[in-house]
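For reference, the chains in residue letters:
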Amino acid sequence: MLYNLRQELLAGIRAATSDAGYDYEVDQSAIELEDITDEEKGEFSSPISFSIAAAAGAPPVDVAAAIADAHRSNGLPAEVEAVTVEGGHINYHADTTDLADATLSTILRDGSEYGTRTDADPDTILADVSSPNIAKPLHVGHLRNTILSDAVMNILEARGHDVTRDNHLGDWGVQFGNLMHEYTEFGDEATLEDDAIEHLLDLYQQFEQRDSMLADLEDDETVTDQFADAVTEERDYHADSGKEWFTRLEQGDEDATALWERFRTVSIDRFKQTYDDLDVAFDVWNGESFYAQEGWNDVIIEKAIENDVAMRGEGESVYIPVYPDDYENVGDPQAADVDASLDRARQMREANDDLEDADFDPFYIVKSDGSTLYGTRDLATIEYRIEEYDADQSVYVVANEQNQYFQQLFVAARKMGYNDIKLKHIDYGLISLPEGSMSTRKGQIITAREVLDRAQDRAEEIIAEKGRIDDAEAQSVATKIALATIKYEMVAAKRERDTTFDIDESVALEGDTGPYVQYAATRGYSILDGADAAPEIDDLDPSVFNDTDVELLFELARYPLVLERCEERYDAAPLAHYLLQLAHVFNSFYHKNAVLDAENARTERLLLTKATTQIFDNGLGLLGIDVLEEM
RNA sequence: GGGCGCGUAGCUCAGUCCGGACAGAGCGUUCGGCUUCUAACCGAAAUGUCGGGGGUUCGAAUCCCCUCGUGCCCGCCA
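The rules behind these values
- Residues numbered from 1 in each chain as written.
- Chains lettered and ligands numbered in written order.
- Predicted model: local features only at pLDDT ≥ 70, side-chain atom pairs only at ≥ 80, totals over all residues.
- Heavy atoms only, no water.
- Helix = DSSP H or I, 4+ residues; strand = E, 2+ residues; numbered from the N terminus.
- Buried < 20%, exposed > 50% of the residue type's maximum accessible area, 1.4 Å probe, protein only.
- Contact = heavy atoms within 4.5 Å.
- Pairing = 2+ DSSP bridges.
- Axes fitted to C-alpha atoms, helices over the stretch in contact; angles between N-to-C directions.
- Near = heavy atom within 4 Å.
- Polar contact = N/O pair within 3.5 Å; in protein donor to acceptor, adjacent residues only side chain to side chain.
- Nonpolar A, V, L, I, M, F, W, Y, C, P; charged D, E, K, R; others polar.
- UniProt positions renumbered as here; feature names shortened; annotations may be inferred.
- Parallel < 35°, antiparallel > 145°, perpendicular 65-115°, else oblique.
- Expected span 1.5 Å × (residues − 1).
- Arc of directions from axis to C-beta.
- Salt bridge = Lys/Arg side-chain N within 4 Å of Asp/Glu carboxyl O.
- Domains from an automatic or database assignment.
- pLDDT = per-residue confidence, 0-100.
- Phe/Tyr/Trp six-rings, centres within 6.5 Å; stacked < 30°, edge-to-face > 60°.

### Points about the overall build of chain A
Logical step 1: In terms of helices and strands, chain A carries 23 helices and 14 strands.
Logical step 2: Expressed along its principal axes, the backbone C-alpha trace of chain A runs to roughly 90 × 70 × 50 Å.
Logical step 3: Classification of the 631 residues of chain A by burial places 52% in the buried group.
Logical step 4: Here the analysis covers contacts within chain A between residues at least 6 apart in sequence; of these, 76% occur between residues at least 24 apart.

Listed below in structure tokens is the structure:
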């Protein structure tokens, strides 16, 4: 209702401004939603009189009064009771009766659909989500990605779009060649059988640590030349063998493929356990290997050369030049403006002996040894998404350390001629630990498993302390609380922010947490349980509502606006904050007001309670958090 | 050196994109509230040079410039 009212008021202000004799372009920012507790400001307010007054040389109060008068005589929306002018602001006061009636009937009618919308022309959105690398365990960073992705995609679906979640596995690349080398050289069949992921991680870390140690030795000036040469030889032996394995894999070699498939299978089996525990799912698992094995990489390389947007470098290498002025608005199909011509790059290359000095970044799609790299696969993914899905948007939930890479990818994609698709990097901040940043290579990680287990243990402890839940149910309730804790924590900070993940703090169940919201919802259910019959909307008498009731009503009414904001930002944090706020208001509501024993507002407050639990259900549901009847 | 973020209460963070009326929460601190729909709760109090400086504006936490601090990226890895 507030959603429509806002649009109606905007049109009204536009007309009133013009009728009052002012020439001013009224846009969306002219109308603001105010805090319900501030009576003076009303529910919506507009400050446009200040800018008009500044230009017209008249006092803002007079301008505001003139616009308000005009609006009044044109006719205010039915839901608006009065328009007032305070210190130059035009304030619209909603009619509480209408607000109550419209909001409650809408929520109770729409039920689980409340807040969602159907888009007549929905976008087909293909999303890279979760995207762990195989042969490594899931860690806290994957937890943030997976949970944030799930919530954002749920919200985009609620906003009417058609979303396909692609768990874009990192299952291709030279790193797996390295791993095959390490396994054939040092691996152990029995250990692999026993705990595949752990063994593969050990081998991976062994390869990386040896390589970086040898690199340090090479640079060490105190060693003899002869020794340094030996070090280089040793380092190249391993690195070359790894590259060779990957090349064999790309060429479909039987042994390489068999080994790779084995690594991949054990990894996916393990990932699925964690995804099940998190209660998230994906529509497709088109890892990077898919695009390589299905020939999409070749399509890209041919197309790039055919369209004359790529040039050849050393050996077999091929790259797309990216100029510094290509980046602006590159994700937006309407506003992107790239220079696909190779002329500038050719001139720059001639003018500079060294490619490093040229004023463009080469976006490589083929390496000098003829193998592909992640950029090739990402372009292939875009091609595939357009061809197979007719995608309107290709979006990527990937940490912000890859910001620059995605900008380059998008430029390269535009140059390839993918001009009608929206490209969006949904970046999020890195998670660090209290003791410093994480690194899989150094072995400093907290696994997703550890986090889930600790949260579960903590939730079970607290349930035992409260002693309200039967032992039989305690564990499943604890699981839901533990998940609420983790999921809320992972989306509560706005995406862009780096966060420190303190496991002890995030399993605390007080204050600004998922369980706080769950608890409020549970209280709602508990109240509804105490009523003999479900309240009927036809029995609603909005005149009995007091300020506390109206405050809650207002929170309920603005839920759709919150989802709109989430869609705009591709973020779930505004929803998480909203639900927290709703929980606060609802907790105050039932503390201040008796519901079941209300003297003259029992039906009305039951309706409010029912509507509130509905929104907890819907909103927490979008965050992937279950509501509990008891806790 | 270049690029991209971030800097708001002791701590963790909303608000910034689209400038408006006294800058908001949670934790922690102090005080009060469970024979009354679950106290995983509620009420009250204290706490701020919105990193600093300049500019634009009737009006700046919000926009622009400079600066300091901090994180990440700058590989024919992903």
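### With respect to the sheet that holds strand β6 (residues 162-167)
Strand pairing in a sheet relies on backbone hydrogen bonds, with the paired strands running either antiparallel or parallel.
Logical step 1: Strands sit in the order β6-β5-β10-β11 across an open sheet of four strands; the sheet is parallel. The outermost strands of the open sheet, each flanked by one partner alone, are β6 and β11 (422-428). Sheet twist, expressed as the average angle between the axes of neighbouring strands with direction ignored, equals 20°.
Logical step 2: Where strand β5 (residues 124-129) lies against strand β10 (residues 393-399), four bridges are found, and the strand directions are parallel. Counted as the bridge partner of L126 is S394 from β10.

### Topic: the protein's contact with RNA strand B
Logical step 1: Y374, T522, S526, R569 and Y590 are the nearest of the 65 residues found near RNA strand B.
Logical step 2: By atom count, sugar and phosphate contribute 56% of the portion of RNA strand B lying within 4 Å of the protein.
Logical step 3: One of the backbone nitrogen or oxygen atoms of D512 is found 2.9 Å away from a sugar or linking oxygen of RNA strand B.
Logical step 4: Within the contact set of RNA strand B, a sugar or linking oxygen lies 2.9 Å away from a side-chain nitrogen or oxygen of H591.
Logical step 5: Here the residues of the surface near RNA strand B sort into 20 nonpolar, 22 polar and 23 charged.

### Comments concerning the UniProt feature "short sequence motif: 'HIGH' region" in chain A
Logical step 1: Under the UniProt annotation, "short sequence motif: 'HIGH' region" lies at residues 132-142.
Logical step 2: With 27% helix and 0% strand, the stretch residues 132-142 has end C-alpha atoms that lie 7 Å from each other.

### Focus: the packing of helix α6 (residues 174-186) against helix α8 (residues 196-219)
When two helices pack together, their arrangement is captured by the angle between the axes and the distance separating the axes.
Logical step 1: Between α6 and α8, the shortest axis-to-axis distance is 9 Å and the interhelical angle comes to 105°. Put simply, α6 runs roughly perpendicular to α8. Taking contact as the criterion, the partners of Q175, N178, L179, H181, E182, Y183 and F186 in α6 are, on α8, H199, L200, L203, Y204, Q206, F207 and R210.
Logical step 2: Within the contact of α6 with α8, the residues separate by chemical class into seven nonpolar, five polar and two charged.

### Regarding helix α16 (residues 448-466)
Logical step 1: Taking 1.5 Å per residue, 19 residues should reach 27 Å; α16 reaches 27 Å between its end C-alpha atoms and fits that length.
Logical step 2: Within α16 the residues assigned to the buried category are A448, V451, L452, A455, Q456, A459, I462 and I463. For α16, the angular spread of buried residues about the axis comes to 135°, placing them on one side. Seen from the open side of α16, the exposed residues pointing more than 90 degrees away from its buried face are A464 and E465.
Logical step 3: Just beyond α16, the residue with positive phi is G467, at close to 65°.

### Let's talk about the pattern of salt bridges
Logical step 1: Tallied over the full model, the rule gives 32 salt bridges.
Logical step 2: One salt bridge in this structure joins D119 and R117, with 3.2 Å as the shortest N-O distance.
Logical step 3: The partly exposed category is assigned to R117, whose relative accessible area is 30%.
Logical step 4: For K415, the salt bridge is made with D326, and the minimal N-O distance between the two is 2.7 Å.

### Details of the domain arrangement of chain A
Logical step 1: Looking at chain A, the domain boundaries give domain 1 (1-93), domain 2 (172-250), domain 3 (286-427) and domain 4 (447-621).
Logical step 2: One C-alpha centre belongs to domain 1, the other to domain 3; they are set 48 Å apart.

### Some details on the pairing of strand β3 (residues 80-86)
Logical step 1: One ladder, built from six bridges, connects β3 with strand β4 (residues 89-94); its direction is antiparallel. Across the sheet, the residue bridging to T84 is N91, located in β4.

### Some points on the environment of N600
Logical step 1: By secondary structure assignment, the location of N600 is in the loop between α22 (573-592) and α23 (602-622).
Logical step 2: Sequence separation of N600 and V544 is 56 residues, and the distance between their C-alpha atoms is 7.2 Å.

### Quick look at the confidence of the model for chain A
Logical step 1: On average, chain A scores 90 in pLDDT, and the residues at 70 or more come to 96%.
Logical step 2: By mean pLDDT, the top-scoring element of chain A is β6 (97), and the lowest-scoring one is strand β13 (residues 436-437) (58).
Logical step 3: Interface confidence in the predicted complex, given as ipTM, is 0.95; pTM for the same model is 0.93.

### Considering the packing of aromatic side chains
Logical step 1: Taken as a whole and assessed by the stated rule, the structure comprises 26 aromatic pairs.
Logical step 2: A centroid spacing of 5.8 Å and a plane angle of 85° characterise the contact between Y183 and F263, whose relative ring orientation is edge-to-face. Residue Y183 is found in helix α6, and its partner F263 is found in helix α10 (residues 254-278); the two are separated by 80 residues along the sequence. Each of the two residues, Y183 as well as F263, counts as buried.
Logical step 3: Here Y396 and F410 contribute two aromatic rings whose centre-to-centre distance is 5.8 Å and whose plane-to-plane angle is 40°, an arrangement assigned as tilted. Placement of the pair is Y396 in strand β10 and F410 in helix α15 (residues 403-415), with a sequence separation of 14 residues.
Logical step 4: Judged by its relative accessible area of 0%, Y396 falls in the buried class.

### Observations regarding the environment of V477
Logical step 1: Looking at where V477 falls in the secondary structure, it is placed in helix α17 (residues 471-492).
Logical step 2: With relative accessibility at 5%, the residue V477 sits in the buried group.
Logical step 3: The spacing of V477 and M631 is 154 residues in sequence and 7.1 Å in space, taken between C-alpha atoms.
Logical step 4: Apart from the residues within four sequence positions on either side, V477 is in contact with I463, I469, L628 and E630.

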